[in-house]
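# Architecture and fold: a report
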Amino acid sequence: MGRTARNSAPGHYHVYCRGNNRRAIFLDDVDRANFLARLARVLRRHRWKLHLFVLLTNHFHLLVETADETLPNGMQRLNLGTARAFNRRYGTTGHLFEAPYGSVAVTRPGYALWLIRYLVLNPVNAGLCRRPENWPWSSYGATIGVRPAPSFLTMSWILGLFADDLELAREHLRAFVDGTRSR
């Protein structure tokens, strides 16, 4: 019995992957920075847009937009490169990830809004920080304007869900994540 074919049509996807046996895939900030550099290369190569990222200790979440059917190829490149770099750096062998990446198409605005809140609150719920904008390994701080944005991050799609005006959109996004404004 073969592997189920993945949906790879152009569109927005919530992509996630967890460490094997829920073990850490990022042991320090160097691992996280190297992952983001590798992700930036994949984004360029496959012409994806990255709308949101959150790196925790034993998993990561991405909200990407693809223009073609390259999601499986790009994620294979990202995860294989990450596993090889991890094994080389720490002198280990074998699987870093418990399974191939997971992905869910983001086709409805309501799901996109729920997903944004869920993802940016992940570090808070994991006890890694008190406020989501304080987690340095998430794009949320850049999206709301409290941290410089990496060059590979596209913020207009998420902010456009909240308002046309940049500052108003950031204010509404922040209130939405804080739970003081429903959308």
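The notes below deal with the structure included here. Worth saying up front: this structure is predicted, and the values here are computed from it rather than measured.

Okay, the pairing of strand β2 (residues 49–55) next. Across the seven residues of β2, six count as buried, placing the element largely inside the fold. With six bridges connecting them, β2 and strand β3 (residues 59–66) associate as antiparallel partners. Its bridge partner lying in β3, Phe53 is registered against Leu62. Hairpin remark: β2 followed by β3, antiparallel, with three residues in the connecting loop.

Mapped onto the elements of the fold, Thr82 is located in helix α2 (residues 71–90). In terms of polar contacts, Thr82 uses its side chain to reach the backbone carbonyl oxygen of Leu78, at 2.7 Å. In this structure Thr82 touches Phe35, Arg38, Leu96 and Phe97, once residues within four positions along its chain are discounted.

This part is about the pattern of salt bridges. Within the structure shown, the criterion is met by eight salt bridges. Taking the shortest distance from any N to any O, the salt bridge between Asp68 and Arg47 comes out at 3.6 Å. Taken together, the residues span a long stretch of sequence, with Asp68 in the loop between β3 and α2 and Arg47 in the loop between α1 (29–46) and β2 at a distance of 21 residues. The exposure class of Arg47 is exposed, given its relative accessible area of 57%. One salt bridge in this structure joins Arg174 and Glu133, with 2.8 Å as the shortest N-O distance. On the criterion of sequence distance, the pair formed by Arg174 in helix α6 (residues 166–178) and Glu133 in the loop between α3 (109–125) and α4 (140–143) is long-range, its members being 41 residues apart.

The rules we used
Residues numbered from 1 in each chain as written. Predicted model: local features only at pLDDT ≥ 70, side-chain atom pairs only at ≥ 80, totals over all residues. Heavy atoms only, no water. Buried < 20%, exposed > 50% of the residue type's maximum accessible area, 1.4 Å probe, protein only. Helix = DSSP H or I, 4+ residues; strand = E, 2+ residues; numbered from the N terminus. Pairing = 2+ DSSP bridges. Polar contact = N/O pair within 3.5 Å; in protein donor to acceptor, adjacent residues only side chain to side chain. Contact = heavy atoms within 4.5 Å. Salt bridge = Lys/Arg side-chain N within 4 Å of Asp/Glu carboxyl O.

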